[in-house]
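Observations on the model geometry
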Amino acid sequence: MNELTLFNDLFDDFEDDSYLPSLNFKKVFQTPKVDVKEEKDAYTLLMDLPGKSEKDVNIELNNNVLTISSETETKEDAKEAKKEAKLEKKNEGRWLIKERSYSKFSRSFTLPDDVDSEKLSAAVKNGVLTVTMPRHELAAPKRIAITCA
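Read on for an overview of the structure. Each chain has its residues counted from 1, running along the sequence as written. Local features are withheld for residues below a pLDDT of 70 in this predicted model, meaning they are given only at 70 or higher, and side-chain atom pairs are given and counted only at 80 or more; totals for whole chains, interfaces and linings count all residues. No hydrogens and no water enter the side-chain calculation; it runs on all heavy atoms of the structure.

Things to note about the sheet that holds strand E2 (residues 34–38)
- Two strands qualify as a pair provided that DSSP identifies no fewer than 2 bridges between them. Only DSSP runs of H or I reaching four residues or more are called helices, and only runs of E reaching two or more are called strands; each is numbered from the N terminus. On the basis of which strands lie adjacent, the open sheet formed by four strands has the order E2-E3-E8-E7 and antiparallel pairing. Here the strands that pair on one side only, and so sit at the sheet edges, are E2 and strand E7 (121–125). For this sheet, the mean angle separating the axes of adjacent strands, direction not counted, is 15 degrees.
- With seven bridges connecting them, strand E3 (residues 42–48) and strand E8 (residues 128–134) associate as antiparallel partners. Pairing of tyrosine 43 across the sheet is with methionine 133, part of E8. Here an angle of 0 to 180 degrees is reported between the N-to-C directions of two axes, which are lines fitted to C-alpha atoms, with helices fitted over the stretch in contact.

Right under this line is the structure:
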(Lines give C-alpha, C1' and ligand atoms only; values in the text may rest on other atoms or scores of the structure.)
Protein backbone atom coordinates (compact mmCIF):
# COMPACT_ATOMS: atom_id res chain seq x y z
CA MET A 1 0.00 0.00 0.00
CA ASN A 2 1.48 3.34 -1.00
CA GLU A 3 -1.25 5.74 0.08
CA LEU A 4 -2.53 6.86 3.44
CA THR A 5 -5.85 5.27 4.26
CA LEU A 6 -8.32 7.50 6.02
CA PHE A 7 -10.79 6.15 8.53
CA ASN A 8 -13.67 8.48 7.84
CA ASP A 9 -15.27 8.98 11.23
CA LEU A 10 -18.34 10.48 9.57
CA PHE A 11 -19.64 6.92 9.21
CA ASP A 12 -18.50 5.63 12.60
CA ASP A 13 -21.75 6.51 14.38
CA PHE A 14 -24.37 3.92 13.57
CA GLU A 15 -27.70 4.30 15.33
CA ASP A 16 -29.28 1.22 16.91
CA ASP A 17 -29.24 -1.76 14.56
CA SER A 18 -29.69 0.19 11.34
CA TYR A 19 -27.19 -0.19 8.56
CA LEU A 20 -27.25 3.47 7.59
CA PRO A 21 -24.86 5.86 9.28
CA SER A 22 -26.20 8.77 11.26
CA LEU A 23 -25.03 12.04 9.75
CA ASN A 24 -23.87 14.30 12.54
CA PHE A 25 -23.40 17.63 10.72
CA LYS A 26 -21.91 19.39 13.75
CA LYS A 27 -19.25 16.67 13.91
CA VAL A 28 -18.61 16.90 10.16
CA PHE A 29 -17.99 20.65 10.25
CA GLN A 30 -15.78 20.46 13.36
CA THR A 31 -13.50 17.85 11.81
CA PRO A 32 -10.42 19.58 10.40
CA LYS A 33 -9.60 19.11 6.73
CA VAL A 34 -6.39 17.34 5.76
CA ASP A 35 -4.02 17.39 2.78
CA VAL A 36 -1.44 14.62 2.31
CA LYS A 37 1.47 14.97 -0.07
CA GLU A 38 3.66 12.08 -1.22
CA GLU A 39 7.25 12.90 -2.05
CA LYS A 40 10.23 10.75 -2.94
CA ASP A 41 11.61 10.62 0.61
CA ALA A 42 8.60 11.44 2.82
CA TYR A 43 4.87 11.94 3.21
CA THR A 44 3.63 15.27 4.56
CA LEU A 45 0.26 15.66 6.25
CA LEU A 46 -1.17 19.18 6.64
CA MET A 47 -4.18 19.78 8.89
CA ASP A 48 -5.92 23.11 9.48
CA LEU A 49 -6.17 23.82 13.20
CA PRO A 50 -7.01 27.53 13.52
CA GLY A 51 -6.49 28.92 17.00
CA LYS A 52 -4.78 25.78 18.32
CA SER A 53 -1.25 25.43 19.63
CA GLU A 54 0.91 22.37 20.13
CA LYS A 55 -0.56 22.06 23.66
CA ASP A 56 -4.08 21.61 22.24
CA VAL A 57 -3.26 18.68 19.93
CA ASN A 58 -2.54 15.04 20.72
CA ILE A 59 -0.76 12.81 18.18
CA GLU A 60 -0.39 9.07 18.74
CA LEU A 61 1.01 6.22 16.67
CA ASN A 62 -0.24 2.74 17.52
CA ASN A 63 0.15 -0.33 15.28
CA ASN A 64 0.89 1.82 12.22
CA VAL A 65 -2.25 3.96 12.78
CA LEU A 66 -1.62 7.69 13.26
CA THR A 67 -4.33 9.40 15.33
CA ILE A 68 -4.59 13.17 15.66
CA SER A 69 -7.06 14.51 18.21
CA SER A 70 -7.92 17.61 20.20
CA GLU A 71 -10.28 18.73 22.90
CA THR A 72 -10.63 22.50 23.25
CA GLU A 73 -12.11 22.90 26.71
CA THR A 74 -9.55 23.14 29.49
CA LYS A 75 -10.04 23.25 33.25
CA GLU A 76 -9.78 27.04 33.04
CA ASP A 77 -12.54 27.12 30.40
CA ALA A 78 -14.80 25.03 32.63
CA LYS A 79 -14.14 27.35 35.61
CA GLU A 80 -14.87 30.39 33.45
CA ALA A 81 -18.16 28.86 32.27
CA LYS A 82 -19.24 28.31 35.90
CA LYS A 83 -18.36 31.94 36.75
CA GLU A 84 -20.39 33.17 33.78
CA ALA A 85 -23.39 31.09 34.85
CA LYS A 86 -23.26 32.65 38.34
CA LEU A 87 -23.06 36.16 36.85
CA GLU A 88 -26.07 35.47 34.62
CA LYS A 89 -28.08 34.32 37.66
CA LYS A 90 -27.23 37.61 39.40
CA ASN A 91 -28.23 39.56 36.25
CA GLU A 92 -24.73 41.02 36.07
CA GLY A 93 -24.33 40.12 32.42
CA ARG A 94 -25.32 37.67 29.76
CA TRP A 95 -24.09 36.61 26.36
CA LEU A 96 -25.99 37.98 23.37
CA ILE A 97 -24.01 35.89 20.88
CA LYS A 98 -21.89 32.90 21.82
CA GLU A 99 -20.68 30.94 18.79
CA ARG A 100 -17.41 29.59 20.19
CA SER A 101 -17.95 26.43 22.13
CA TYR A 102 -16.40 23.25 23.40
CA SER A 103 -15.38 20.92 20.62
CA LYS A 104 -13.31 17.84 20.05
CA PHE A 105 -12.21 15.76 17.10
CA SER A 106 -10.20 12.67 16.28
CA ARG A 107 -8.85 11.62 12.87
CA SER A 108 -7.01 8.35 12.22
CA PHE A 109 -4.82 7.35 9.30
CA THR A 110 -3.27 3.97 8.47
CA LEU A 111 0.31 4.62 7.43
CA PRO A 112 1.93 2.92 4.45
CA ASP A 113 4.50 0.21 5.12
CA ASP A 114 7.38 2.40 3.92
CA VAL A 115 6.94 5.06 6.65
CA ASP A 116 9.82 5.14 9.14
CA SER A 117 7.72 5.42 12.32
CA GLU A 118 10.78 6.19 14.47
CA LYS A 119 11.39 9.47 12.62
CA LEU A 120 7.92 11.06 12.55
CA SER A 121 7.87 14.76 13.45
CA ALA A 122 5.12 17.33 13.93
CA ALA A 123 4.87 21.12 14.24
CA VAL A 124 2.10 23.71 14.48
CA LYS A 125 2.61 27.07 12.79
CA ASN A 126 -0.02 29.70 11.98
CA GLY A 127 -2.87 27.28 12.73
CA VAL A 128 -1.58 24.50 10.46
CA LEU A 129 -0.32 21.19 11.84
CA THR A 130 2.42 19.63 9.72
CA VAL A 131 3.29 15.98 10.30
CA THR A 132 6.36 14.77 8.39
CA MET A 133 6.63 11.03 7.87
CA PRO A 134 9.99 10.04 6.37
CA ARG A 135 10.08 6.98 4.15
CA HIS A 136 12.55 4.14 4.34
CA GLU A 137 13.31 1.82 1.49
CA LEU A 138 11.42 -1.43 1.49
CA ALA A 139 13.55 -4.49 0.99
CA ALA A 140 13.88 -5.25 -2.71
CA PRO A 141 12.86 -8.71 -3.88
CA LYS A 142 15.81 -11.07 -3.53
CA ARG A 143 16.56 -13.67 -6.13
CA ILE A 144 17.29 -17.06 -4.64
CA ALA A 145 19.64 -19.38 -6.49
CA ILE A 146 18.41 -22.91 -7.16
CA THR A 147 20.91 -25.73 -6.80
CA CYS A 148 20.71 -29.34 -7.95
CA ALA A 149 20.15 -31.82 -5.21
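Picking up where we left off.
As for the pairing of E2
- Inspection of the sheet shows E2 paired to E3 by five bridges, in the antiparallel sense. Counterpart to valine 34 in the pairing with E3 is methionine 47.
- Between E2 and E3, which follow one another and run antiparallel, lie three residues.

Observations concerning the environment of leucine 66
- Note on placement: leucine 66 falls in strand E5 (residues 65–71).
- Note: C-alpha distance between leucine 66 and threonine 110 (44 residues apart in sequence) is 6.3 Å.
- Residue contacts are counted whenever heavy atoms from the two residues lie within 4.5 Å of one another. Excluding residues that lie within four positions of it along the chain, leucine 66 makes contacts with Ile59, Glu60, Leu61, Arg107, Ser108, Phe109, Leu111, Leu120, Val131 and Met133.

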